[in-house]
Amino acid sequence: MDKFSVLKRFFGHTSFREGQAELIDAMVGGRDVLGVMPTGGGKSVCYQVPAMLFSGVTLVISPLISLMKDQVASLKRAGIPAAFINSSLTPRQLTLVFERAAQGQYRIIYVAPERLETEGFRRWAKQAEISLLAVDEAHCISQWGQDFRPGYLKIADFIDILPKRPVVAAFTATATDLVRQDIEERLRLCDPLRVVTGFDRPNLFFDVIRPKNKVDALLQLLISRREQSGIVYCATRSSVEQICHLLCDHGISATRYHAGLEDEERRTNQEDFQFDRKRVMVATNAFGMGIDKSNVGFVIHYQMPKSLESYYQEAGRAGRDGEKADCILLYTSADEKTARFLIENRNSEDLNAEQQEQVRLADYERLRAMICYCRTESCLRGQLLSYFGQAHPQNCGNCGNCHRKVRRVDATKITQMILSCIMRIKEKIGYYVGKTLVAQVLHGSENKRVLALGLEQIPTYGILQEQPLRRIRFLMDLLETEGYLRVEPQHETLRPGQAAPAVLRGDRKVELLVRVRSKSENETALRQQQKRKVPEHGALYEALRAVRLEIAQKERVPAYVVFSNATLADMAKKVPRTLSEFLEVSGVGEIKAARYGAFFLAAIAAYDENR
Ligand code: ADP
Ligand code: MG
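Described below are features of the structure shown in this document. Keep in mind that this is a model prediction, so the values were computed, not measured.

**Observations regarding the packing of aromatic side chains**
A complete count under the given rule lists 17 aromatic pairs for this structure. On the basis of an interplanar angle of 45° and a centroid distance of 6.4 Å, the ring pair of Phe-98 and Trp-124 is categorised as tilted. Taken as a pair, Phe-98 in helix α5 (residues 91-102) and Trp-124 in helix α6 (residues 119-127) lie far apart in primary sequence, 26 residues in all. Residue Phe-98 shares its accessibility class with Trp-124, and that shared class is buried. In textbook terms, an aromatic cluster arises when at least three aromatic residues are bridged by ring pairs, as seen for Phe-199, Phe-206, Tyr-312, Tyr-387 and Phe-388. Geometry around Tyr-302 places Lys-214 over its ring, the cationic atom sitting 5.3 Å from the centre.

**Looking at the site of ligand 1**
Taken together, 15 residues lie near ligand 1, and Ser-15, Gly-40, Gly-42, Lys-43 and Ser-44 sit nearest. Here a nitrogen atom of ligand 1 sits 3.5 Å away from a polar atom, N or O, in the side chain of His-13. Arg-17 is positioned with one of its side-chain polar atoms (N or O) 3.1 Å from an oxygen atom of ligand 1. Relative to its unbound accessible area of 570 Å², ligand 1 is 76% covered by the protein chains. Of the residues forming the shell around ligand 1, the biggest block, 3 residues, is contributed by helix α3 (residues 43-51). For the shell around ligand 1, the residue count by class is 3 nonpolar, 8 polar and 4 charged.

**Let's talk about the side chain of Ser-239**
Position of Ser-239 among the secondary structure elements: in helix α10 (residues 237-249). Accessibility expressed as a relative area gives 5% for Ser-239, which makes it buried. A polar contact is formed between the side chain of Ser-239 and the side chain of Thr-236, at a distance of 2.8 Å. When sequence neighbours within four positions are dropped, the list of residues in contact with Ser-239 reads Cys-234 and Gln-303.

**Quick notes on the pairing of strand β9 (residues 229-233)**
On a regular strand, each side chain points to the face opposite its neighbour's, so the side chains alternate between the two faces of the sheet. With 5 of 5 residues buried, β9 lies mostly within the body of the structure. A two-sided burial pattern is seen for β9, the buried positions comprising Ser-229, Ile-231 and Tyr-233 on one face and Gly-230 and Val-232 on the other. In this sheet, strand β12 (residues 296-301) lies alongside β9 in parallel orientation, the contact comprising 5 bridges. Bridge pairing in β12 links Tyr-233 to His-301. In the sheet, β9 pairs with strand β11 (residues 280-283) via 4 bridges, with the strands oriented parallel. Pairing of Tyr-233 across the sheet is with Ala-283, part of β11.

**Some remarks on helix α2 (residues 20-28)**
For α2, the full list of buried residues reads Gln-20, Leu-23, Ile-24, Ala-26 and Met-27. Buried residues of α2 fall within an arc of 160° about the axis and therefore sit on the same side. Elements that come into contact with the buried residues of α2 comprise α1 (3-11), β1 (33-36), α3, β5 (130-135), β6 (167-172) and β7 (193-196).

**Remarks on α10**
For α10, which comprises 13 residues, the first-to-last C-alpha distance of 18 Å matches the rise-based estimate of 18 Å (1.5 Å per residue) to within 8%. The inward-facing, buried residues of α10 abut α9 (214-223), β10 (254-257) and β11. At the C-terminal side of α10, Gly-251 shows a positive phi close to 75°.

**Looking at the sheet that holds β5**
Sheet architecture is open: 7 strands sit in the order β3-β4-β2-β5-β6-β1-β7, paired in parallel fashion. Of all the strands in the sheet, just β3 (82-85) and β7 have a single pairing partner and so form its edges. Each strand axis lies, on average, 15° off the axis of its neighbour in the sheet, ignoring direction. Here β5 runs beside β6; their pairing, made up of 4 bridges, is parallel. Across the sheet, residue Val-135 finds its bridge partner in β6, namely Ala-170. Here helix α8 (residues 177-186) sits on the sheet and contacts β1, β6 and β7; the angle it forms with β1, its principal contact strand, is near 155°.

**As for the sheet that holds β11**
Across the sheet, 6 strands lie side by side as β8-β13-β12-β9-β11-β10; this open sheet has parallel pairing. In this open sheet, the two edge strands, each paired with only one partner strand, are β8 (204-209) and β10. The average undirected angle you get between the axes of adjacent strands in this sheet is 20°. Contacts from helix α11 (residues 263-274) reach β9, β10, β11 and β12, with the element oriented near 140° to β10.

About the cut-offs
- Residues numbered from 1 in each chain as written.
- Chains lettered and ligands numbered in written order.
- Predicted model: local features only at pLDDT ≥ 70, side-chain atom pairs only at ≥ 80, totals over all residues.
- Heavy atoms only, no water.
- Phe/Tyr/Trp six-rings, centres within 6.5 Å; stacked < 30°, edge-to-face > 60°.
- Helix = DSSP H or I, 4+ residues; strand = E, 2+ residues; numbered from the N terminus.
- Buried < 20%, exposed > 50% of the residue type's maximum accessible area, 1.4 Å probe, protein only.
- Lys NZ or Arg CZ within 6 Å of the ring centre and 35° of its normal.
- Near = heavy atom within 4 Å.
- Polar contact = N/O pair within 3.5 Å; in protein donor to acceptor, adjacent residues only side chain to side chain.
- Areas by Shrake-Rupley, 256 points an atom, 1.4 Å probe, with all protein chains shown as cover.
- Nonpolar A, V, L, I, M, F, W, Y, C, P; charged D, E, K, R; others polar.
- Contact = heavy atoms within 4.5 Å.
- Pairing = 2+ DSSP bridges.
- Arc of directions from axis to C-beta.
- Expected span 1.5 Å × (residues − 1).
- Axes fitted to C-alpha atoms, helices over the stretch in contact; angles between N-to-C directions.

Quick look at the structure:
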């Protein structure tokens, strides 16, 4: 068998996506690889196809236990013998898996990184024929990555104890060079083939809205998307609870998901969303890894996430089917406080002090880029692609900022005032202070702290009396984004930025882009929405979905394990009437065709009769 027949026979796809074929050829030829693709890009196929071409077994290191189970269920249904080894197995189940593995019954075994250190697993691994070791979510190995997992550091040592070194393959959606280098070094990849595919998702519309009232903005967005299913991400469990209640109170069909819920409820809620019994999922970032619901029409962030990596991953769950979809972030500067709090209180018990410090600094660095995205007036897609190291045109024409009217204002004088105030304060008291205090001094507040420090005596006191405090803060935010001001992350003290000296000398003009506020901040997004037809799938699609639901319930698996929405949509389009026509549908492999074909063909026959 070659890679094309494996793809068709087991996965039902007729062609490879960008990057897949090259990576597979390299692995099959015995070369290590590093594959960097965006969320939804199709990384799993890259190691699942070679797994069927090698004589030995493929080990997949994966960080998420919940994901392993669904992946293995999917593989089994596609006719690929697979298993997982993690802490959710009982000792008896574990023994059984090892027995079968020793008999060479599996092609693919998923394993949690922590498992690699255990005696039982090592004993098995030393005598097994392991052809390929695939590291999924490989950024977890890097302290600079957004989900550092110390267990990943043990992978290279594990490889060393094996009698024969397998091909090692690493996959991630993380884009920073630092993390990629870290992955290569720490996994000790040998002359790997590096493939970085494009990160652009042209069907996604990006926008950042800065509403006065987030609740109103959210309701407006959801009401104008009545026909669509989507996700609302919140930063904390308590805001998930609050928002979910609020939506339900307003008659919006919503459910919730976060790590504080019982397993049972999480599962039910996820399925309600997956099966379209509930239209909106309100969730923390615990929801989504491995979600393959292809008809997600929007992803709204009620709060800013802590990095652009997280944002792009979460937003990327919209529009996997290639239909137009919206990714909207609701931003207020209060979000920064929440993000800082989350960074300071990150659970990192398993890291030593030095590692913790590194992680924290890297977190702040990522947060800064995230904040810039929220505040910028330039092309949002451009910002994202630059961050992921990809060239792009100046304006994409398909994001909120490209559609919005902006005004250029000369802010040289006011910037000079702010800078000089910062420096006068430093002169007076010997240290830098935060934005709020600087703004109060400029505004001339008779605040207790201002008076206690004697700041009412400095020359810039009250120099911006006529400007409201809120406006001064906003300006500072903009100036920070543009590099005229700098906020030191740990103590949030405001300092002159790199470009400051030139401005103070009068050698450099400060031009800022400012949003022309429309009557409602949501207007662009709304207009976008109205222009767009909501896709209607029609009666046959609904009938096929009912068949899938019935099968999924009978087999107790999520619907996408049976067939993805994209597959159902293609089926509704091609209307197969024989088994061989059924095999032509994208996403239908031989095993699934044999297993499920009759049910779907029967539904199609019934549909033909009733027409
Ligand atoms: P990633 O892990 O990169 O986020 P997945 O491996 O979960 O992405 O794949 C995302 C979706 O793309 C899945 O629904 C998968 O079936 C589909 N897919 C992957 N490769 C192909 C292909 N060559 N042709 C069609 N669909 C594909
Ligand atoms: Mg994946």
